[in-house]
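# An overview of the molecular structure
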Amino acid sequence: MRVDATVQDGQNIAVRCRGVTKTYGAGPSAVKALRGVDLDVERGELLMLVGPSGCGKTTLISVVAGVLNRDGGECEVLGEDFARIGPAATTRFRARNVGFVFQAFNLIPTLTVAENVAVPLLINGVSRREAIAKAAEVLSRVGLGDRTNDVPTRLSGGQQQRVAISRALVHDPKLIVCDEPTSALDHATGQRVMELLREVAEGHDLSLVVVTHDARIFEFADRIAEMDDGRIVRLSTGQSHKKAEHELPVVK
Ligand SMILES: Nc1ncnc2c1ncn2[C@@H]1O[C@H](COP(=O)(O)OP(=O)(O)O)[C@@H](O)[C@H]1O
Ligand SMILES: [Mg+2]
């Protein structure tokens, strides 16, 4: 069975977390956000991360994306351990390999749509001309080819989320994490955004971790990981067409 083989040989694992912990603050007001997270994300899969508000979803994807340091446990992302390579190498690694889609889009209002999308390329030292050209290419793929010179505030929520996704994709990352990407969108727009994410992941060896509260988008998941109180408590097969035959037990 594919899933078991994958877990054993480790070759097809994009993200491997074991016993990951994270506490905010210290003393009596300390919040244990992650209490020992065990999770594998396969290469090429779309894993949804669900669970009640405050259970640690945003903290976990921030650790996985390399924007937040864990306190303990092990975490390897595309073969790298951010705690071992240090902050400067982590920043470089992230700029090359990881895309982040925020709940609130986080577009820069003073830049045009194309300039927003070009940001990750500019960070990677790509020339402005080349970066804008690549940004325009990705934007036309998501149906926004005619909006490249607009400012983001002139776009609808769904269009802004497509810009945010384009920005997460433009540098061909191997991992994209999305924090509740459809929560600000109506149902139809949310479905289109998820279709777009699925489509870009297809055939690109791209792994997606999508945090969501939105049961209407579960159909797009290969697997669904449920979190509660800082841990993964259940892992089940999703409803996507890539459906695996068996459930994968949570690693103990
Ligand atoms: N920067 C922070 N400082 C202190 N506590 C935080 C911070 N970020 C999150 N928390 C707390 O950590 C817990 C997990 O938060 P979070 O990862 O945002 O959960 P979720 O995304 O599942 O809602 C919550 O109790 C939250 O209040
Ligand atoms: Mg959150």
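To keep things clear, this report deals only with the structure shown in the data block. (Residues numbered from 1 in each chain as written. Chains lettered and ligands numbered in written order. Predicted model: local features only at pLDDT ≥ 70, side-chain atom pairs only at ≥ 80, totals over all residues. Heavy atoms only, no water.)

## Here we look at the overall build of the chain
Broken down by element type, the chain carries 7 helices and 9 strands. For 252 residues, the compact-globule estimate of 2.2 N^0.38 gives 18 Å, and the C-alpha radius of gyration of the chain, at 18 Å, lies within 12% of that figure. Principal-axis analysis of the C-alpha atoms gives the chain an extent of 50 × 40 × 35 Å. For the chain, with 252 residues in total, the buried portion stands at 53%. (Helix = DSSP H or I, 4+ residues; strand = E, 2+ residues; numbered from the N terminus. Rg over C-alpha atoms; globule rule 2.2 N^0.38 Å. Buried < 20%, exposed > 50% of the residue type's maximum accessible area, 1.4 Å probe, protein only.)

## Section: the site of ligand 1
Surveying the vicinity of ligand 1 reveals the residues Y24, V31, A33, P52, S53, G54, C55, G56, K57, T58 and T59. Taking K57, its side chain carries an N or O atom lying 2.8 Å from an oxygen atom of ligand 1. Here an oxygen atom of ligand 1 sits 2.5 Å away from a polar atom, N or O, in the side chain of T59. When ligand 1 sits alone it has 560 Å² of accessible area, and the protein chains cover 59% of it. (Near = heavy atom within 4 Å. Polar contact = N/O pair within 3.5 Å; in protein donor to acceptor, adjacent residues only side chain to side chain. Areas by Shrake-Rupley, 256 points an atom, 1.4 Å probe, with all protein chains shown as cover.)

## Let's talk about the packing of helix α5 (residues 128-141) against helix α6 (residues 157-169)
Their axes nearest at 10 Å, the elements α5 and α6 cross at an angle of 130 degrees. Judged by the inter-axis angle, α5 sits oblique to α6. Judged by the twist between their axes, the crossing of α5 over α6 is right-handed. Residues V138, L139 and R141 of α5 form the contact with α6, whose participating residues are V163, S166 and L169. Split by residue class, the contact of α5 with α6 holds 4 nonpolar, 1 polar and 1 charged. (Axes fitted to C-alpha atoms, helices over the stretch in contact; angles between N-to-C directions. Parallel < 35°, antiparallel > 145°, perpendicular 65-115°, else oblique. Left-handed = near helix turned anticlockwise from the far one by under 90°. Contact = heavy atoms within 4.5 Å. Nonpolar A, V, L, I, M, F, W, Y, C, P; charged D, E, K, R; others polar.)

## Re the packing of aromatic side chains
Inspection of the entire model under this criterion finds 2 aromatic pairs. Consider the rings of F100 and F102, whose centres lie 4.6 Å apart with planes at 10 degrees: the pair is stacked. You can call F102 partly exposed: its relative accessible area is 31%. (Phe/Tyr/Trp six-rings, centres within 6.5 Å; stacked < 30°, edge-to-face > 60°.)

## Quick notes on the nonpolar core
Counting residues in hydrophobic clusters, the biggest one holds 41 residues, and the most contacted among them are M48, L139, V163, I176, M194 and L208. Broken down by secondary-structure element, the contributors of at least two residues to this core are β3 (46-50), α4 (113-123), α5, α6, β6 (175-179), α7 (187-201) and β7 (207-211). Contacts of L208, omitting those with residues within four sequence positions, involve E45, L46, L47, I176, C178, L197 and A201. Listed in part, the 31 residues of the second largest apolar core include V20, L39, V211 and A225. (Core = buried A, V, L, I, M, F, W, Y, C linked by side-chain atoms within 4.5 Å.)

## Focus on the environment of I165
Within the element layout of this structure, I165 appears in helix α6. Judged by its relative accessible area of 0%, I165 is buried. Here I165 is in contact with V101, V193, L196 and L197, once residues within four sequence places are set aside.

## Quick word on the layout of surface pockets
The space that makes up the largest pocket amounts to roughly 420 Å³. As for the largest pocket, its lining consists of 18 residues, of which R94, V98, F100, P120 and I123 are closest to the centre. Within the residue set of the lining of the largest pocket, elements represented by two or more residues are α3 (82-97), β5 (98-101), α4 and α6. Broken down by element, the residue count for the lining of the largest pocket peaks at 4 residues, all from α4. Across the lining of the largest pocket, the residue classes break down as 11 nonpolar, 5 polar and 2 charged. Computed from the structure, the second largest pocket encloses a volume of approximately 220 Å³. (1 Å grid on protein atoms, 1.4 Å probe; cavity = no way out; pocket = protein on both sides within 12 Å on 5 of 7 lines; lining within 4 Å. Points joined across faces, edges and corners; volume = space filled by probe spheres on them.)

## Here we look at the state of the cysteines
Under the criterion given, the structure shown has 0 disulfides. Of all cysteine sulfurs in the structure, the one in C17 sits closest to C75, which takes part in no disulfide; the separation is 3.5 Å. The cysteine C178 is free of any disulfide, with C17 supplying the nearest cysteine sulfur at 16 Å. Residue classification places C178 among the buried residues on the basis of a relative accessible area of 0%. (Disulfide = S-S within 2.5 Å.)

## Digging into the sheet that holds strand β1 (residues 13-24)
Overall, antiparallel pairing links the 3 strands, which are arranged β2-β1-β4 in an open sheet. Looking along the sheet, the strands with just one partner apiece sit at the ends: β2 (31-42) and β4 (72-77). Shown here is a sheet whose adjacent strand axes are inclined to one another by a mean of 15 degrees, direction ignored. Relative to β4, β1 runs antiparallel, the two being bridged by 5 bridges. Within the sheet, the bridge partner assigned to V15 lies in β4 and is V77. (Pairing = 2+ DSSP bridges.)

By themselves, these observations are geometric and do not establish any function.
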